[in-house]
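# Overview (structure and organization)
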Amino acid sequence: MPREDLIQIEGTITSALGGGQYEIKPTDGSDNIRAQLCGKMKKHNIRLILGDKVKVGVSPYDTSHGIVTWKLRS
């Protein structure tokens, strides 16, 4: 699915899981999202820690998984 079709959701990282996956709590109060880093963030060694605000691209078909596309400024 192209990135333009993904739903963009802002949230906060609540836990770091193994294998580059993170659990994110959306700001709108919906269920937690399990997301992994996008390729550009891996390529440029952008690191995330607990409490960081991020933007996640979520598929409209399965809103429990996504891709972290941006690290927002605090």
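Everything discussed here concerns the structure shown above.
Not measured: the values here are computed from a predicted model.

### A closer look at the pairing of strand β5 (residues 65–71)
- Two strands pair when backbone bridges link them, and strand β3 (residues 33–37) and β5 are joined in this way by 4 bridges, in the parallel orientation. In the strand pairing of β5, Q36 is matched with I67.
- Sheet topology places strand β4 (residues 53–58) next to β5; 5 bridges connect them, and they run antiparallel. When the sheet's bridge partners are listed, V56 is paired in β5 with V68.

### What to know about the sheet that holds β3
- The 5 strands lie next to each other as β1-β2-β3-β5-β4, forming a closed barrel whose pairing is mixed. Averaged over all adjacent pairs, the angle separating strand axes in this sheet is 55°, with direction ignored.
- Bridge count for strand β2 (residues 21–26) against β3 is 4 bridges, and the pairing is antiparallel. The partner of Y22 across the bridge, within β3, is A35.

### Some words on the nonpolar core
- If you look at the biggest cluster of nonpolar residues, it comprises 14 residues, and the most contacted ones within it are I24, L48, V54, V56 and V68.
- Sorting the residues of this core by element identifies β1 (7–17), β2, β3 and β4 as the ones contributing at least two each.

What counts as what
Residues numbered from 1 in each chain as written. Predicted model: local features only at pLDDT ≥ 70, side-chain atom pairs only at ≥ 80, totals over all residues. Heavy atoms only, no water. Pairing = 2+ DSSP bridges. Helix = DSSP H or I, 4+ residues; strand = E, 2+ residues; numbered from the N terminus. Axes fitted to C-alpha atoms, helices over the stretch in contact; angles between N-to-C directions. Core = buried A, V, L, I, M, F, W, Y, C linked by side-chain atoms within 4.5 Å. Buried < 20%, exposed > 50% of the residue type's maximum accessible area, 1.4 Å probe, protein only.

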